[in-house]
Amino acid sequence: MRILVANRGEIAVRIIRACRELGIESVAVYSDVDRTQPHVLAADLAVGIGPAPARESYLNQDAILAAARHVGAGAVHPGYGFLAENAGFARAVEAVGLVWIGPPPEAIELLGSKTAARELAVRAGVPIVPGTEPLAGAEEAVSFARSVGFRSS
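Remember, it's a predicted structure, so these values are computed and weren't measured experimentally. Residue positions are counted from 1 within each chain, in the order its sequence is given. The model is predicted, so local features are restricted to residues of pLDDT at least 70 and side-chain atom pairs to those at 80 or more, both for listing and for counting; the totals for chains, interfaces and linings are taken over all residues. Water and hydrogen atoms play no part in the side-chain values, which are based on all heavy atoms of the structure.

Quick word on the overall build of the protein chain
Consideration 1: Secondary structure summary: the protein chain contains seven helices and five strands in total.
Consideration 2: Order of helices (α) and strands (β) in the protein chain, N terminus to C terminus: β-α-β-α-β-α-β-α-β-α-α-α.
Consideration 3: Here the globule rule is a power law, 2.2 Å times the number of residues to the power 0.38, and the radius of gyration is based on C-alpha atoms. Whereas a compact globule of 153 residues would reach a radius of gyration of roughly 15 Å, the protein chain reaches 21 Å, over 25% beyond that.
Consideration 4: Taken along the three principal axes of its C-alpha coordinates, the protein chain extends 60 × 35 × 30 Å. Helix and strand assignments follow DSSP, with helices taken as H or I runs no shorter than four residues and strands as E runs no shorter than two, numbered in order from the N terminus.

A look at the side chain of His 39
Consideration 1: For His 39, the location among the structural elements is in helix H2 (residues 38–42).
Consideration 2: Type-normalised accessible area, obtained with a 1.4 Å probe on protein chains alone, sets the label of each residue: buried when under 20%, exposed when over 50%, and partly exposed for intermediate values. Residue class for His 39 comes out buried when judged on its relative accessible area of 2%.
Consideration 3: In what follows, residue pairs with any heavy atoms lying within 4.5 Å of each other are defined as contacts. Ignoring sequence-local partners within four residues, the contact set of His 39 consists of Asn 7, Arg 8, Gly 9, Ala 12, Val 13, Ile 16, Ala 28, Val 29, Tyr 30, Asp 34 and Tyr 58.

Let's talk about unusual backbone geometry
Consideration 1: The backbone of Phe 82 sits at a positive phi, close to 40°, despite the residue not being glycine.
Consideration 2: With respect to the secondary-structure elements, Phe 82 resides in the loop between strand S4 (75–77) and helix H4 (87–95).

Some remarks on the packing of aromatic side chains
Consideration 1: Side-chain rings of Phe, Tyr and Trp, where Trp is taken by its six-membered ring, are said to pair if the distance between their centres is within 6.5 Å; with planes under 30 degrees apart they count as stacked, over 60 as edge-to-face, and otherwise as tilted. What the rule picks out here adds up to two aromatic pairs.
Consideration 2: Plain terms: the ring middles of Tyr 58 and Phe 82 are 5.3 Å apart, the flat faces sit at 15° to each other, and that makes the pair stacked. Highlighted residues: Tyr 58 in the loop between strand S3 (45–50) and helix H3 (61–71) and Phe 82 in the loop between S4 and H4, separated in sequence by 24 residues.
Consideration 3: We classify Tyr 58 as buried; its relative accessible area is 0%.
Consideration 4: Given the relative accessible area of 27%, Phe 82 is considered partly exposed.
Consideration 5: For the ring pair Phe 89 and Trp 100, a centre distance of 5.7 Å and an interplane angle of 85° mean the geometry is edge-to-face. Note that Phe 89 is positioned in helix H4 and Trp 100 in strand S5 (residues 99–100), a separation of eleven residues in sequence.
Consideration 6: Its relative accessible area of 0% is what places Phe 89 among the buried residues.

With respect to the environment of Cys 19
Consideration 1: By the secondary structure assignment, Cys 19 is in helix H1 (residues 9–21).
Consideration 2: Setting aside its immediate chain neighbours within four residues, Cys 19 contacts Ile 3, Ile 24 and Ser 26.

Here's the deal with the sheet that holds S4
Consideration 1: Spatial strand order, S3-S2-S1-S4-S5: five strands in an open sheet with parallel pairing. Strands at the two margins of the open sheet, each flanked by one partner only, are S3 and S5.
Consideration 2: Here an axis means a line fitted to C-alpha atoms, over the contact stretch when the element is a helix, while the angle between two N-to-C directions is reported on a 0 to 180 degree scale. Those strands touched by H3 are strand S1 (2–5), strand S2 (25–31), S3 and S4, and its axis lies near 150° from that of S3. Strands pair, by our definition, only if DSSP identifies at least two bridges between them.

Fair warning: the whole summary comes from geometry, so function is off the table for now.
Quick look at the structure:
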């Protein structure tokens, strides 16, 4: 198995280290300015994915998928940030026959909305911080604030 780490920096280094401990080959991706960064040097293989701006490299889904195909990766680990919370990218990884190492796309979508995530926690019986349901407007917000003891000066 060969895992492409679709991220950079310390999180990528940690994932690469875990791969090594498990006997799994790791592949780093890098932008043009990151080719000598620790995550690139730590990986078994490395593939350039574009110019320095993240939108043109680390957020470029097509470039990352092409890199995975190019090196024969069997899985993609997104790290955190960048594409880790992008359900569409998770689906794209799976659609090209790669394993997505992360939460299922449906979970990413559900937990991407604070309101939906809170409702899910309540239904599951998970303790939550006291708060309100979504409020209709400023008057409702002021009323709630007063009901919990907030006073303006």
